[in-house]
Amino acid sequence: MSVLPLVFTSGWASGINAYAVVLMLGLFGATGLTDEVPESLQRTDVLVAAGVLFLCEAVADKIPYVDSAWDAVHTVVRPVAGAVVAALLAGESGSLPELAAAAVGGSTALMSHLVKAGTRMAVNTSPEPFSNVAVSVAEDLGVAGIITFAIFNPVAAAVIAATLLVLGLVILVFLASRIRRFLRRRAQRREEKRMAGAGRHWPHE
């Protein structure tokens, strides 16, 4: 069977939490639950690094505004991770050219990352912090569930991932006004900090 469904699903999940994807796939491969995972993802150093970074993301992802800063940093990291994981999966399977797999994994990760980042901007317009925690936990559970399901039923998991991606893009359109509000607030905060800094360095007579 072609590895394409697993490539697509891992790309979607990487756009949300790339470290969780690497960690889970590596553990599934190391424990023998699947033969689709290359040995490079099963290495102890890779698993330890992915685990530490996953814990860092688990904390940062639940703090208002910090989560959006984290997302901004990972605008490159997540698509690249999605492309690399996809290429490795394709290389292990041999049923899909690695370049094509990297393109599918990377582009899917980029789209799901944009959905995640945009949704977080909208959530950050809410004055309370609990919505950030709830959304973050839902994302973590969603990634864990879809990757686990993909190991045992990759086609069905890919269908679910594609559906969630389309729904996310649609929701993003409806959240556009709240996202613009978040960006205005962030720009205003930066301007206030800049003015405060200028005030501190203004010479006193």
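So, here's what we can say about the structure. (Residues numbered from 1 in each chain as written. Predicted model: local features only at pLDDT ≥ 70, side-chain atom pairs only at ≥ 80, totals over all residues. Heavy atoms only, no water.)

**Some details on the overall build of the protein chain**
Note the following rule: Secondary structure is summarised from DSSP: a helix means a run of H or I of at least four residues, a strand means a run of E of at least two, and numbering begins at the N terminus for each. Burial classification: accessible surface area is computed with a 1.4 Å probe over protein chains only, and a residue below 20% of its type maximum counts as buried, one above 50% as exposed, and the rest as partly exposed. Residue contacts are counted whenever heavy atoms from the two residues lie within 4.5 Å of one another. Throughout, the Shrake-Rupley method with a 1.4 Å probe supplies accessible areas, and for residues the shown protein chains are the sole cover considered.
A count of helical and extended segments in the protein chain gives seven helices and zero strands. Each helix and strand of the protein chain, ordered N terminal to C terminal, gives the series α-α-α-α-α-α-α. The buried share of the protein chain, taken over its 205 residues, is 45%. Looking at the protein chain alone, contacts between residues at least 24 apart form 76% of all its contacts between residues at least 6 apart. As displayed, the protein chain has an accessible area near 10,600 Å², and 71% of this comes from carbon and sulfur atoms.

**A word on the environment of S107**
Defined as follows: Any pair of N or O atoms that falls within 3.5 Å is considered a polar contact. Within protein, one atom must be able to donate a hydrogen and the other to accept it, and sequence-neighbouring residues count only if both atoms are side-chain atoms.
Residue placement: S107 occurs in helix 4 (residues 98-123). Looking at S107, the relative accessible area reads 38%, which means it is partly exposed. Along the backbone, S107 and F8 are 99 residues apart, and their C-alpha atoms lie at a distance of 9.4 Å. At 3.2 Å, the side chain of S107 and the backbone oxygen of V104 are in polar contact.

**A closer look at helix 2 (residues 44-60)**
To keep things clear, this is the line we draw: Given a helix with a known number of residues, its expected span is that number minus one, times 1.5 Å.
Helix length check: helix 2 (17 residues) gives 24 Å between terminal C-alpha atoms against 24 Å at 1.5 Å per residue, within 8%. The inward-facing, buried residues of helix 2 abut helix 1 (4-30) and helix 3 (66-93).

**A closer look at the packing of helix 3 against helix 4**
This is how the line gets drawn: Only the stretch in contact is used when fitting a helix axis, every axis being a line fitted to C-alpha atoms; angles between N-to-C directions are given from 0 to 180 degrees. Small angles under 35 degrees read as roughly parallel and large ones over 145 as roughly antiparallel, with 65 to 115 read as roughly perpendicular and the rest as oblique. Two helices crossing with the near one rotated counterclockwise from the far one by less than a right angle form a left-handed crossing, whereas a clockwise rotation gives a right-handed crossing. Gly counts as polar in this scheme, as do all residues outside two lists: the nonpolar Ala, Val, Leu, Ile, Met, Phe, Trp, Tyr, Cys and Pro, and the charged Asp, Glu, Lys and Arg.
Close contact between helix 3 and helix 4 brings their axes to 7 Å; oriented N to C, the two are set at 155°. The angle between the axes of helix 3 and helix 4 places the two elements in the roughly antiparallel class. In the packing of helix 3 onto helix 4, the handedness of the crossing is right-handed. Residues belonging to the contact of helix 3 with helix 4 are distributed by class as follows: 11 nonpolar, eight polar and six charged.

**Quick word on the pattern of salt bridges**
As a reminder, the rule being used: Whenever Lys or Arg places a side-chain nitrogen within 4 Å of a carboxyl oxygen from Asp or Glu, that contact is recorded as a salt bridge.
By the definition in use, this model includes nine salt bridges. We note a salt bridge from D61 to K116, for which the minimum N-O separation is 3.1 Å. Pair noted here: D61 is in the loop between helix 2 and helix 3 and K116 is in helix 4, with a separation of 55 residues, a long-range link. The same class applies to D61 as to K116, namely buried. Connected through salt bridges with shared partners, the residues D61, D67, K116, R120 and E139 form a single ionic network.

**Here we look at the environment of G105**
One can find G105 in helix 4. Exposure remark for G105: the relative accessible area of 0% places this residue in the buried category. For the pair formed by G105 and R178, sequence separation is 73 residues and the distance between their alpha carbons is 29 Å. Ignoring sequence-local partners within four residues, the contact set of G105 consists of V7, G11, G82, A83 and A86.

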